[in-house]
Amino acid sequence: LFLYAPIATMVVLSFNSSKSRTQWGGFTLQWYTQMFASRNIMAALQNTLLIAFLSALIATIIGTAASIAISSMKQIPQTIVMGITNIPMLNADIVTGISLMLAFIAFGVSLGFKTVLIAHITFNIPYVILSVMPKLKQTNRFTYEAALDLGASPLRAFFKVVFPDILPGVLSGFLLAFTMSLDDFSITFFTKGAGVNTLSTMLYTELRKGVRPELYALSTLLFFAAFLLLLVMNRRSSKNSQ
């Protein structure tokens, strides 16, 4: 009740024709119309989706390759590397955001779209690794070696034998990275620079001025988008467990 009552209130207010939060003025879709007509909101939405997709895709490629390398290590080096991989996930987002900002400034990189993308790729990689590693441990390495013995090249053997087995983990890692990037605020806030906004940073700026009904509509769409992604991930997980 305490968790979902505020969300339900926000959803109801997004369809309220009155700007008052205490008075129902009738059902309307005008706030959704105004939301899509707003250049600032649409620009922030475009940046958010583009950064989330690109960072999730690149992090998935890097994380999958890293998982394969880690799985081939001996026990002690593998434990050390996995421990290092877990540190960014346990670290506070604000610490990661400030650290990346200082690193970009130290190397003379101007803050903007590319720095946000690099930052999102950086903090998404550990989530991909932790999604792919369990699937790699379930694969049979002798099947891959048998494919090599039968004349397949290492690359062909990987895509024909190993990749289909770890594909559920790869897709789960991609969806998790996409969701984390879509929802991030702290790291984006410290690495975005001037003139670049995502939905989270735009909402933060707008809320300081006062809550507009268009933000209710935007937040409602974000909630249901995250809810649908969660359903997809849970359904895929249940199929894999079967």
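Everything below is about the structure shown above.
I will try to describe carefully the structure that is included in this document. Computed from a predicted structure; not experimentally measured.

## Considering the overall build of the protein chain
- Of regular secondary structure, the protein chain possesses eleven helices and zero strands.
- Each helix (α) and strand (β) of the protein chain, taken in turn from the N terminus, gives the series α-α-α-α-α-α-α-α-α-α-α.
- When each of the 242 residues of the protein chain is scored for burial, the buried share is 38%.
- At a minimum sequence separation of 6, the contacts of the protein chain that also span at least 24 residues come to 70%.
- Of the side-chain charges in the protein chain, 17 are positive and 8 negative, and the distance between the mean point of each set is 5 Å.

## Brief notes about the packing of aromatic side chains
- One pass over the structure, following the stated rule, counts 13 aromatic pairs.
- Both rings, one in phenylalanine 185 and one in tyrosine 204, keep their centres 5.1 Å apart while their planes meet at 50°; by these two values the pair is tilted. A residue pair is termed long-range when its members are at least 10 positions apart, and phenylalanine 185 in the loop between helix 8 (154-183) and helix 9 (186-191) and tyrosine 204 in helix 10 (residues 199-209) qualify at 19 residues.
- With a relative accessible area of 28%, phenylalanine 185 lands in the partly exposed category.
- Taking the relative accessible area as the measure of exposure, tyrosine 204 reaches 36% and is therefore partly exposed.

## Points about the nonpolar core
- Judged by nonpolar contacts, the single largest core of 23 residues is most densely connected at Ile129, Val132, Met133, Leu136, Ile166 and Phe178.
- Mapped by element, the contributors of at least two residues to this core are helix 3 (39-71), helix 6 (113-138), helix 8 and helix 11 (213-241).
- Aside from chain neighbours lying at most four places away, what touches isoleucine 129 is Gly63, Ala66, Ser67, Ile70, Met82 and Thr85.
- The next biggest cluster of nonpolar side chains, apart from the first, holds eleven residues, and it includes Met35, Ala44, Leu199 and Ala217.

## Digging into the environment of serine 17
- Note that serine 17 resides in the loop between helix 1 (5-13) and helix 2 (30-37).
- Sequence separation of serine 17 and leucine 1 is 16 residues, and the distance between their C-alpha atoms is 26 Å.
- Once residues within four sequence positions are removed from consideration, serine 17 is found in contact with Gly25, Gly26, Thr28, Gln30 and Trp31.

## Digging into the side chain of lysine 192
- Here lysine 192 lies in the loop between helix 9 and helix 10.
- A distance of 3.3 Å separates a polar side-chain atom of lysine 192 from the backbone oxygen of valine 196.

## Quick look at the packing of helix 6 against helix 8
- Two elements in contact, helix 6 and helix 8, have axes separated by 8 Å at closest approach and are oriented at 150°. One element, helix 6, and the other, helix 8, form an angle in the roughly antiparallel class. The interaxial crossing formed by helix 6 with helix 8 has right-handed handedness. Touching His120, Phe123, Asn124, Tyr127, Val128, Ser131, Val132, Lys135 and Leu136 of helix 6 are Val162, Asp165, Ile166, Pro168, Gly169, Val170, Ser172, Gly173, Leu176, Ala177, Met180 and Ser181, all from helix 8.

## Quick word on a nonpolar patch on the surface
- Taken together, the side chains of Phe53, Leu57, Ile58, Ile61 and Ile62 make up a nonpolar region of the molecular surface, amounting to roughly 420 Å² of accessible area.
- Relative to the assigned elements, leucine 57 resides in helix 3.
- Classification of leucine 57 by relative accessible area gives partly exposed; the value is 37%.

## Quick look at helix 10
- Within helix 10, the full set of buried residues consists of Leu199, Ser200, Thr201, Met202, Leu203 and Glu206.
- Of the residues one or two after helix 10, glycine 210 is the one with positive phi, at around 135°.

Analysis parameters
Residues numbered from 1 in each chain as written. Predicted model: local features only at pLDDT ≥ 70, side-chain atom pairs only at ≥ 80, totals over all residues. Heavy atoms only, no water. Helix = DSSP H or I, 4+ residues; strand = E, 2+ residues; numbered from the N terminus. Buried < 20%, exposed > 50% of the residue type's maximum accessible area, 1.4 Å probe, protein only. Contact = heavy atoms within 4.5 Å. Lys, Arg positive; Asp, Glu negative; His and termini not counted. Charge placed at Lys NZ, Arg CZ, Asp CG, Glu CD. Phe/Tyr/Trp six-rings, centres within 6.5 Å; stacked < 30°, edge-to-face > 60°. Core = buried A, V, L, I, M, F, W, Y, C linked by side-chain atoms within 4.5 Å. Polar contact = N/O pair within 3.5 Å; in protein donor to acceptor, adjacent residues only side chain to side chain. Axes fitted to C-alpha atoms, helices over the stretch in contact; angles between N-to-C directions. Parallel < 35°, antiparallel > 145°, perpendicular 65-115°, else oblique. Left-handed = near helix turned anticlockwise from the far one by under 90°. Patch = residues over 30% accessible without salt bridge, like charges linked within 9 Å, V, L, I, M, F, W, Y side chains within 5 Å. Areas by Shrake-Rupley, 256 points an atom, 1.4 Å probe, with all protein chains shown as cover. Salt bridge = Lys/Arg side-chain N within 4 Å of Asp/Glu carboxyl O.

Remember, this is a structural readout, not a statement about activity or role.
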